[in-house]
Amino acid sequence: MSRARVARRIAAGAAYGGGGIGLLGAATVGVVLAEVQLAKRSVGNSGEHPAPPRADGRYGWGFADGPEGAEPLRFAMLGDSTAAGQGVHRARQTPAALLAAGLAAVAERPVELRNVALPGAQSDDLDRQVTLILSDPSSWVPDVCVVMIGANDVTHRMPATRSVRHLAAAVRRLRTAGAEVVVGTCPDLGTVENVYQPLRWMARRVSRQLAAAQTIGVVEQGGRTVSLGDLLGPEFLANPRELFGPDNYHPSAEGYATAAMAVLPTLCAALGLWPEEERPDVSRREGFLPVARAAAQAASEGGTEVAAAMPTGPRGPWALLKRRRRRRIHHAPDPSPLPQ
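Residues numbered from 1 in each chain as written. Predicted model: local features only at pLDDT ≥ 70, side-chain atom pairs only at ≥ 80, totals over all residues. Heavy atoms only, no water.

> Looking at this model, I keep getting lost on the confidence of the model for the protein chain. Mind explaining?
When pLDDT is low, close inspection of the predicted coordinates is not appropriate. On average, the protein chain scores 79 in pLDDT, and the residues at 70 or more come to 66%. Here residues 241-245 scores under 50 on pLDDT; set against residues more than four positions off or in separate chains, the count is 23 contacts. (pLDDT = per-residue confidence, 0-100. Contact = heavy atoms within 4.5 Å.)

> For this particular structure, what's the right way to read the environment of Gly-150?
With respect to the helices, strands and loops of the structure, Gly-150 is situated in the loop between strand 4 (144-148) and helix 6 (151-155). When sequence neighbours within four positions are dropped, the list of residues in contact with Gly-150 reads Asp-80, Cys-186, Leu-210 and Gln-214. (Helix = DSSP H or I, 4+ residues; strand = E, 2+ residues; numbered from the N terminus.)

> Could you clarify how one ought to interpret the packing of aromatic side chains in this entry?
Any two aromatic rings considered together are summarised by their centre-to-centre distance and by the angle between their planes. Applying the stated criterion across every chain yields a total of zero aromatic pairs. Positioned above the aromatic ring of Trp-61 is the side chain of Arg-58, whose terminal nitrogen or guanidinium carbon lies 4.7 Å from the ring centre. (Phe/Tyr/Trp six-rings, centres within 6.5 Å; stacked < 30°, edge-to-face > 60°. Lys NZ or Arg CZ within 6 Å of the ring centre and 35° of its normal.)

> Please explain unusual backbone geometry as it appears in this structure.
In the Ramachandran plot, Arg-157 falls in the positive-phi region, its phi being about 60° despite a non-glycine side chain. Structurally, Arg-157 is set in the loop between helix 6 and helix 7 (160-176). At Arg-285, a position not held by glycine, the phi torsion is positive, near 60°.

> Please explain the pattern of salt bridges as it appears in this structure.
Following the criterion strictly, the structure yields twelve salt bridges and no others. The partner of Asp-56 in a salt bridge is Arg-54, with the nearest N and O atoms 3.1 Å apart. Overall, the relative accessible area of 56% leaves Arg-54 in the exposed class. The partner of Arg-285 in a salt bridge is Glu-301, with the nearest N and O atoms 3.4 Å apart. Of this pair, Arg-285 sits in the loop between helix 11 (253-270) and strand 7 (287-290) while Glu-301 sits in the loop between helix 12 (291-300) and strand 8 (305-308); the two residues are 16 residues apart in sequence, bridging distant segments of the chain. Overlapping salt bridges bring together Arg-224, Glu-305 and Arg-324 as one network. (Salt bridge = Lys/Arg side-chain N within 4 Å of Asp/Glu carboxyl O. Buried < 20%, exposed > 50% of the residue type's maximum accessible area, 1.4 Å probe, protein only.)

> What's the story with the side chain of Gln-214 in this structure? I'm lost.
Following the sequence through the fold, Gln-214 ends up in helix 8 (residues 199-219). For Gln-214, the side chain forms a polar contact with the main-chain nitrogen of Cys-186, separated by 2.8 Å. Those residues in contact with Gln-214 that lie beyond four places of it in its chain are Ile-149, Gly-150, Val-164, Leu-167, Thr-185 and Cys-186. (Polar contact = N/O pair within 3.5 Å; in protein donor to acceptor, adjacent residues only side chain to side chain.)

> It is not clear to me how the pairing of strand 5 (residues 180-184) should be interpreted in this structure. Could you clarify?
It is a general feature of regular strands that their side chains alternate between the two faces of the sheet. Among the five residues of strand 5, four are classified as buried, and the element is accordingly described as predominantly covered. When strand 4 meets strand 5, the two strands line up parallel, connected through five bridges. Residue pairing in the sheet places Val-146 in a bridge with Val-182 of strand 5. Where strand 5 lies against strand 6 (residues 224-226), three bridges are found, and the strand directions are parallel. Its bridge partner being in strand 6, Val-183 is matched across the sheet by Thr-225. (Pairing = 2+ DSSP bridges.)

> Honestly, the nonpolar core in this entry has me stumped. Any pointers?
Nonpolar side chains in soluble globular proteins tend to end up buried together. Formed by 38 residues in total, the largest nonpolar core has its most connected members in Phe-75, Met-77, Leu-99, Leu-113, Val-146, Val-263 and Leu-267. Residue assignment for this core shows that the elements contributing at least two residues are strand 2 (73-79), helix 3 (81-84), helix 4 (95-107), strand 3 (111-115), strand 4 and helix 11. Discounting residues that sit within four places of it in the chain, Met-77 has contacts with Ala-83, Pro-95, Ala-96, Leu-99, Leu-113, Arg-114, Asn-115, Val-116, Ala-117, Val-146 and Met-148. In this structure, Leu-289, Val-291, Ala-292 and Ala-298 belong to the second largest nonpolar core, which totals 24 residues. (Core = buried A, V, L, I, M, F, W, Y, C linked by side-chain atoms within 4.5 Å.)

> It is not clear to me how the pairing of strand 4 should be interpreted in this structure. Could you clarify?
Burial analysis of strand 4 places five of its five residues in the buried class, which makes it a mostly covered element. Residues of strand 4 alternate between two faces, with Val-144, Val-146 and Met-148 on one and Cys-145 and Val-147 on the opposite face, all of them buried.

> Mind showing me how you'd approach the packing of helix 4 against helix 11 here?
Where helix 4 contacts helix 11, the two axes come as close as 9 Å, and the packing angle between them is 40°. Taken together, helix 4 and helix 11 sit at an angle that is classed as oblique. As helix 4 runs across helix 11, the sense of the crossing is right-handed. Only Tyr-256, Ala-257, Ala-260, Val-263, Leu-264, Leu-267 and Cys-268 of helix 11 make contact with helix 4, whose side of the interface consists of Pro-95, Leu-98, Leu-99, Gly-102, Leu-103 and Val-106. The residue inventory of the contact of helix 4 with helix 11, partitioned by class, reads twelve nonpolar, one polar and no charged. (Axes fitted to C-alpha atoms, helices over the stretch in contact; angles between N-to-C directions. Parallel < 35°, antiparallel > 145°, perpendicular 65-115°, else oblique. Left-handed = near helix turned anticlockwise from the far one by under 90°. Nonpolar A, V, L, I, M, F, W, Y, C, P; charged D, E, K, R; others polar.)

> Looking at this structure, I do not really get the environment of Val-116. What am I missing?
With respect to the helices, strands and loops of the structure, Val-116 is situated in the loop between strand 3 and helix 5 (126-133). Classification of Val-116 by relative accessible area gives buried; the value is 17%. Val-116 has contacts with Met-77, Leu-78, Arg-128, Gln-129, Leu-132 and Ile-133, leaving out every residue within four places of it along the chain.

Pasting the structure below:
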């Protein structure tokens, strides 16, 4: 069965309350996940890491006195250890800080960052995280949110339909509150060094199928996705000492910067800050596709954006597949405390 069809079935099961549609056979998945868990333990990922650095605060203070005296953009980060920045030691090295600094530079406005991501979180924790972000809508509602989630769903055997259902519900709540939403889909677990063939291939397949299903669920709720798995996969495999952190499991500062470079153009485009071409660039293999096909293609090529396009078509909802040019993010400054 094609990846697009599997992703469509998972997303449909998530939307209509279907059961746990498997990505691979139960025995195969069990072997893959056992191997990944052993790899995590062998590289020291047993939950004994220090807490990731806190990057909450205001970025781009230099723009506060600009000609327009612009109100700060409000940016929230949600997800798991990758969104939290596990594995680096300085706040400015976390993906949230890098994105906040990059967004401030593009918008030429200050950016207020709040990060509620939790290391070890699965998609069922997103409800709690969204509640934290929207706890006081009278004083702070985000303009845009980035969510990075999925790896722990795979390693903890959460049914794919349940995983996508939780993610879609979180996107729906954030969109209803008025926030734009960008989701970095499930990373490629086949890049973990201690996972060997043929289990590396199986882990990659499971990760990409979940990423494709996540894309369908997010786009149908009005969000956008950026594929991270294949983007980091080949680079991690080629340069593990540079792009993996000290635990050989989480990204290093350079690895997080690579991911942030892929997400920033979509983050800015969601707020209307990125130049939009009138037509897809055919030379870059962009175009309008049924959402399931767009999701399957994006899962195979990192840095690919998928956003809602036409309401419907002969094969259901359609999406726009974009391959935006990455923008290098300079080192983020240390955040300034948010005003009380």
